[in-house]
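# Coordinates in review
Listed below, chain by chain, are the residues.
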Amino acid sequence: MRQDLGGTAQLAISLRILQKPVHCVQEGLNCTVHINNCPSKGWIQSDIMEVPTEFSYDPGLKWATQRDEHGSLVPILLLHWRAPSDGSITKMQGSEVTVLEKCTNQTICIRYIFSNTLTSSVNGNHNPWSFSSDIVVVDPGCQYSISFSYLPKLKKRGERDFQGTLTKDISIPDCNNSSIKESAECVKRGSLWQPNITWTESQSFNQLVILISFEKWTYSENYKVEISGRTFHDSHNIQKANQKRLSTNFTLNLLSLTQSNESCLLPIGVTPFSEQCIRHCVDHWDKINICNYTSLPPRKRLAWIIPVQLLVVLTGGYLVVLLHRCFHGDVSPSISISPKTDQLESIPMRTQRVLILYSVDHPLYKEIILKLCAFLRVKCGAEVTLDLLDSAWLSTIGKVQWLEMHRERAGRSPSDKILILCSRGVAAKWRAMCGSGRAVTLREDQASAVGDMLTPALALIVPDFVRSASLERYMVAYFEEVSGEADVPSLFHVTVKYKLMKHFEELVFRILGQEQHEPGRVKRIYGIAEDDYFLCPTGKALRDAIEAFQAYQLGNPDWFNQELVGYTGEKDIDRDCEPLVESVCSHIQEVPDIEGSFLHTNMELNQAVSYASSNKENTCVYPSVNELVLGVSPETTQCQVYLKDNYC
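This section reports on the structure supplied with the text.

Rules used in this analysis
Residues numbered from 1 in each chain as written. Predicted model: local features only at pLDDT ≥ 70, side-chain atom pairs only at ≥ 80, totals over all residues. Heavy atoms only, no water. Buried < 20%, exposed > 50% of the residue type's maximum accessible area, 1.4 Å probe, protein only. Helix = DSSP H or I, 4+ residues; strand = E, 2+ residues; numbered from the N terminus. Pairing = 2+ DSSP bridges. Axes fitted to C-alpha atoms, helices over the stretch in contact; angles between N-to-C directions. Polar contact = N/O pair within 3.5 Å; in protein donor to acceptor, adjacent residues only side chain to side chain. Contact = heavy atoms within 4.5 Å. Expected span 1.5 Å × (residues − 1). Arc of directions from axis to C-beta. Salt bridge = Lys/Arg side-chain N within 4 Å of Asp/Glu carboxyl O. Disulfide = S-S within 2.5 Å.

### Quick look at the pairing of strand E14 (residues 222-228)
For E14, the tally of buried residues reaches six of seven residues, placing the bulk of the element in the interior. Sheet topology note: the E14/strand E15 (residues 233-239) ladder contains seven bridges and is antiparallel. Note that in E15 the partner of glutamate 226 across the bridge is serine 235. Connecting E14 to the next strand, E15, in antiparallel fashion are four residues. Taken together, the six bridges between E14 and strand E17 (residues 265-273) define a ladder with antiparallel strand orientation. Bridge pairing in E17 links asparagine 222 to phenylalanine 273.

Set out below in structure tokens:
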């Protein structure tokens, strides 16, 4: 079921069917099995008298491991359900099971279609008619939603859900579970690897040096070693060497640890990175006790802690008064105002992780990105992930793996965000990957060691914009002094677009996960708005970078074409696949299905794809497909809409 697209970036497909014979024929019942061929046409009724709707028995649902067609141990779902026990069994024409993998939003459908009518609620052995399945291979650590249905299905007009469908959920243990760690997928992820983590500590004045060592894994060339506490986090990326054990040093400031009342037990972890598991490799953790180095006798501790705390309080108070008088007169930094009560309220500036995706249109634009990153870190306390600042690790694991790793991290943590900065380069690369026939390569991309990062990023995030549930993690913005709304691809029109720096304060509230406007009050974070962000050093540097690029654009109207490698002056857009994506989305939202109800499930996306494709020239028509995937080849950035088992 997995498609190998060579260099084409795509979503990983883990949900699959075992390659083994599947039978549903029983004594007194002839039937055929259809896998991933479950069209709705002809199998939906609106008359309750013609459809079985009640499950007399609760379906059985569990997981187990067994050998697949290659002899590898894999986790599978064991499904068991029964036919109706009342007279409605005579109306039953088949049964259907749909498995939804919540980790990837992929689905598999198994449909049993009867060739004859059941006249009795029991079979020849006087037992209720029952059905089972043990062919769906699942992924460790994922959650699944399984829907059992009788055929035909009942859906009354105006209602979204089918009646007579029962849905149950199941979670598959991750590779740390002893019952699944020996499966082939977990072994690939390193479940049987024993790093035997050890450490030694040494103190030099107020510095604590921790040497962490571990045994390497046969299939991993690179590792991430981490140490963290309540108030800090540090990590090192190290590469495989000839020796059996690898090691790295961490240096901690004892004064900072003591002042912050850090916990005595600090977690330390080792994560391998391998082509076999990419972002799913099993990490190993332990804890180190540093109490002997951070604990001081009570009198000595009080002797220096009290003066330090007093100095901090006095200094902080002085800075608040100074900023109060100089910048805002009657308002302090980082507060919110309630108009009804005139009360001042502190806004907690939590550390949030933000991945920035952009196109390096010009060296001056790159400076804007770097200055924005510094401003977000210093002024807003955000933990910014930028390819320019992680080039060593990026070149080690590859750009597609790097992008997918951070994309998946944002998907796991509701607080993590992905910021897409639109510009001329973003618009041009989107048009190119959708239909120009050849790549748009900028001089900065050509000079970079990893090349163009935006095109593979777009290929990875397109499916998220088809699914509205994934939109919350994405933010779309552009610098209005050097870019325009026309530079925003139509793919991103489904979400809010922020003009920077005009809407920067709203963007920060989005990053923080807070509502700026509440009943009776409007929150503000002073020092980051359009009229005052440049009053701090990092904000001034950001404004200077924006103005420098704006001045360059005014003096060089043809600046973007000059940045294109191999530009000939010709308009090189033969066709555009944006209308196809837009047509798919609009069809899902607006076009009713044959029965008169609106499309609403991922499984019905295939009908929307077929509809959109049939209305476009030079595209293929698929009456029954499983999922839409937008693939982009890193060599040509040529986009193609293809299916899990087909190409278009």
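Continuing now.
### Notes on the sheet that holds strand E13 (residues 207-215)
Across the sheet, which stays open at both edges, the three strands sit in the order E12-E13-E16 with antiparallel pairing between neighbours. At either margin of the open sheet sits one strand with a lone partner, and together these are strand E12 (198-204) and strand E16 (245-253). Each strand axis lies, on average, 20 degrees off the axis of its neighbour in the sheet, ignoring direction. One ladder, built from seven bridges, connects E12 with E13; its direction is antiparallel. When the sheet's bridge partners are listed, glutamine 203 is paired in E13 with leucine 208.

### Considerations on the side chain of histidine 284
Here histidine 284 shows up in strand E18 (residues 284-289). For histidine 284, the side chain forms a polar contact with the main-chain oxygen of tryptophan 193, separated by 3.2 Å. If we ignore the near neighbours within four places in the chain, the residues touching histidine 284 are Gly190, Trp193, Pro195, Ile197, Ile268, Gly269 and Val270.

### With respect to helix H12 (residues 537-555)
Residue pairs spaced three or four apart in an α-helix point in one direction, given the helix's 3.6 residues per turn. In a regular helix each residue adds 1.5 Å, so 19 residues correspond to 27 Å; H12 covers 27 Å between its end C-alpha atoms and thus fits that length. Among all positions of H12, only Thr538, Gly539, Leu542, Ala545, Ile546, Phe549 and Gln553 are buried. Here the buried residues of H12 occupy an arc of 125 degrees about the axis, which is enough to place them on one side. Facing away from the buried side of H12, by more than 90 degrees, are the exposed residues Pro537, Leu554 and Gly555. Residues of H12 that are buried in the fold lie against helix H5 (363-380), strand E24 (474-479) and helix H13 (559-563).

### Details of the environment of histidine 23
Along the chain, histidine 23 turns up in the loop between strand E1 (16-17) and strand E2 (31-35). We classify histidine 23 as exposed; its relative accessible area is 67%. Residues histidine 23 and serine 132, 109 residues apart in the sequence, show an inter-C-alpha distance of 9.7 Å.

### Section: the pattern of salt bridges
Enumeration over the complete set of coordinates arrives at 22 salt bridges. With its nearest N and O atoms 3.5 Å apart, the salt bridge here joins glutamate 69 to arginine 16. On the criterion of sequence distance, the pair formed by glutamate 69 in the loop between strand E4 (60-67) and strand E5 (73-82) and arginine 16 in strand E1 is long-range, its members being 53 residues apart. Under the relative-accessibility criterion, arginine 16 is labelled buried at 15%. Residues arginine 111 and glutamate 96 are paired through a salt bridge, measuring 2.5 Å at the closest nitrogen-oxygen approach. Taken together, the residues span a long stretch of sequence, with arginine 111 in strand E7 (residues 106-114) and glutamate 96 in strand E6 (residues 94-101) at a distance of 15 residues.

### Considerations on the state of the cysteines
For the coordinates displayed, the defined rule picks out four disulfides. Here cysteine 38 pairs with cysteine 109 through a disulfide, and the sulfurs are 1.8 Å apart. Note on the cysteine 38 and cysteine 109 pair: the S-S dihedral is about -100 degrees, so by sign convention the disulfide is left-handed. Here cysteine 109 lies in strand E7 and cysteine 38 lies in the loop between E2 and strand E3 (44-45), a separation of 71 residues in the sequence. Judged by its relative accessible area of 15%, cysteine 38 falls in the buried class.

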